[in-house]
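Here's the letter readout for the chains.
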Amino acid sequence: MTTVDDIKELTTEQGVLRYYDAGPADAPPLLLLHGSGPGVTGWRNFGANLPALSQHFRCLILEFPGFGVSEATKKHPLAAALPATIAFLDALGLDQVDVIGNSMGGIVGTRLAIAQPERVRRLVTVGGMGRNILSPYPGEGLVRLQEFVDDPTRERLVQWLHSMVFNRDIVTEEMIEQRWEQATEPATLASSRMMYSRAAFEAMEAFQAKSPEPPYWAELHKISAEVLITWGRDDRVSPIDMALLPMRTIPHVELHTLPNCGHWAMIEQKDAWEATVVSFLTR
């Protein structure tokens, strides 16, 4: 079985991209795209799901640039993620894949499905996709994230981690230490500040207000892939009302909510989430 030490790498025009490859080489390819936040990696998002998913798919967990595993990037990490994903698929010669994306990874998968519709057969998102309709923005989890990247302390990291889950027992000392070590690495922290400092939030909002380009959520009607939106009912990072817009505007979409579950549905409701996703992708 693939372990955290089995990481591979590809040299692309978007830099050196590192990834995990699990499951039969001739199985349908499944691309897994991680979220953002202090100390995040693709392995920490999806490593525990590989035993279930790799029975059916060739699972490819891509580590985005700027998060401490693949090479650093001078771009805004969200701006770097989609070109890196396309370069990764091109380098592996994959013309069509299924995609699972958590939070930011779901947005990247969504943007890929809009930009290259022939490339995404089915798309699964885990929270984070859409926009706040009824709830205030930014939500509690994003406020905790801002507080940490502006002034990183262990206490603020724990507060952010607690906002990610319904059951705080998931946040173990081992998780805290792993996240702290990577989140405070200078290049990774600088990348986080490009995305999540209060100043970065304000600059992004100002840029979007003046940009002639529509936001990705205004183009959801262009997605031709079948889409499964999965969401923790108790998500305090991306409240579930964010799902209303994509649920209404994506042509072929389903929504599955998981009770007693925060932002990390694939971790906190692992068995139920895996059963739902495998059923959707294999039917």
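Up top is the structure.
As a convention, each chain's residues are numbered from 1 in the sequence order in which they are written. Residues qualify for local features only when their pLDDT is at least 70, as the model is predicted, and side-chain atom pairs are given and counted only at 80 or more; totals for whole chains, interfaces and linings, by contrast, use all residues. Hydrogens are left out, water is left out, and the side-chain values use all remaining heavy atoms of the structure.

Peer 1: Please provide a residue-by-residue account of the layout of surface pockets, values included.
Peer 2: Estimates place the volume of the largest pocket at around 1500 Å³. Two kinds of site are reported from a 1 Å grid over the protein atoms alone, namely cavities, where a 1.4 Å probe fits but cannot get out, and pockets, open sets with protein on both sides within 12 Å along at least five of seven lines, and residues are called lining when an atom falls within 4 Å of a point. The wall of the largest pocket is formed by 41 residues, among which Leu78, Ile107, Met204, Gln208 and Tyr216 lie closest to the centre. Numbered from the N terminus, helices here are DSSP runs of H or I no shorter than four residues, and strands are runs of E no shorter than two. Of all the elements in the fold, those that place two or more residues in the lining of the largest pocket are helix 3 (77-92), helix 4 (104-115), helix 5 (140-150), helix 8 (186-196) and helix 9 (198-210). A total of seven residues in the lining of the largest pocket trace back to one element, the largest contributor, which is helix 9. Asp, Glu, Lys and Arg are counted as charged, while Ala, Val, Leu, Ile, Met, Phe, Trp, Tyr, Cys and Pro are counted as nonpolar; the rest, among them Gly, fall into the polar class. Taken together, the residues of the lining of the largest pocket sort by class into 26 nonpolar, ten polar and five charged. Grid points are joined across faces, edges and corners, and a volume is the space filled by probe spheres set on the points. Reported here for the second largest pocket is a volume of approximately 250 Å³.

Peer 1: Would you mind going over the side chain of Asn132 in detail, with residue names and values included?
Peer 2: The residue Asn132 is located in the loop between strand 6 (120-126) and helix 5 in this model. Identification of polar contacts relies on pairs of N or O atoms within 3.5 Å, with a donor-acceptor requirement for protein atoms, meaning one able to donate a hydrogen and the other able to accept it, and with residues adjacent in sequence counted only if both atoms are side-chain atoms. A polar contact is formed between the side chain of Asn132 and the side chain of Ser135, at a distance of 3.0 Å. Polar side-chain contacts of Asn132 include one of 3.1 Å to the backbone oxygen of Pro136. We call two residues contacting when some pair of their heavy atoms lies within 4.5 Å. When neighbours within four sequence positions are excluded, Asn132 is seen to be in contact with Tyr137, Pro239, Asp241 and Met242.

Peer 1: Can you lay out the packing of aromatic side chains for me, pointing to particular residues and giving the numbers?
Peer 2: Classification of ring pairs uses Phe, Tyr and Trp, with its six-membered ring standing for Trp, and accepts pairs whose centres are within 6.5 Å; under 30 degrees between planes counts as stacked, over 60 as edge-to-face, and the remaining range as tilted. On inspection of all chains with the given rule, the structure shows six aromatic pairs. Three or more aromatic residues joined by ring pairs form one cluster here, namely Tyr137, Tyr196 and Phe201. Working rule: Lys NZ or Arg CZ, within 6 Å of ring centre, within 35 degrees of ring normal, means a charge sits over the ring. The residue whose ring lies beneath Arg122 is Phe280, and the NZ or CZ to ring-centre distance is 5.5 Å.

Peer 1: Quick rundown of the side chain of Arg179? Include the residues and the values.
Peer 2: As for its position among the elements, Arg179 is in helix 7 (residues 173-183). One buried charged residue, Arg179, remains without a salt bridge, the closest side chain of opposite sign being Glu63 at 10 Å. Reaching out from Arg179, the side chain makes a polar contact with the backbone oxygen of Pro38 at a distance of 2.9 Å. Residue contacts for Arg179: discarding those within four places in its chain leaves Pro38, Gly39, Val40, Arg44, Asn45, Leu157, Trp160, Leu161 and Trp264. Relative accessibility decides the category of a residue: with a 1.4 Å probe and only protein chains considered, values under 20% of the type maximum give buried, values over 50% give exposed, and everything between is partly exposed. Note that His is not counted, nor are the chain ends; the positive residues are Lys and Arg, and the negative ones are Asp and Glu. Definition used for salt bridges: Asp or Glu carboxyl oxygen within 4 Å of a side-chain nitrogen of Lys or Arg.

Peer 1: Got a sec to walk through the sheet that holds strand 5 (residues 97-102)? Specific residues and values, please.
Peer 2: Sheet architecture is open: eight strands sit in the order 1-2-4-3-5-6-7-8, paired in mixed fashion. Both outer strands of the open sheet, strand 1 (8-12) and strand 8 (253-258), are each paired with one neighbouring strand and no more. The sheet shows a mean angle of 20 degrees between the axes of neighbouring strands, direction not considered. Strand pairing follows a simple DSSP-based rule, namely that at least 2 bridges must link the two strands. Pairing analysis gives five bridges linking strand 5 to strand 6, with the strands arranged parallel. What sits directly across from Val97, in strand 6, is Val120. Here an axis means a line fitted to C-alpha atoms, over the contact stretch when the element is a helix, while the angle between two N-to-C directions is reported on a 0 to 180 degree scale. Across the sheet, helix 12 (residues 270-282) touches strand 3 (29-33), strand 5, strand 6, strand 7 (226-232) and strand 8, and the angle it forms with strand 6 is around 165 degrees.

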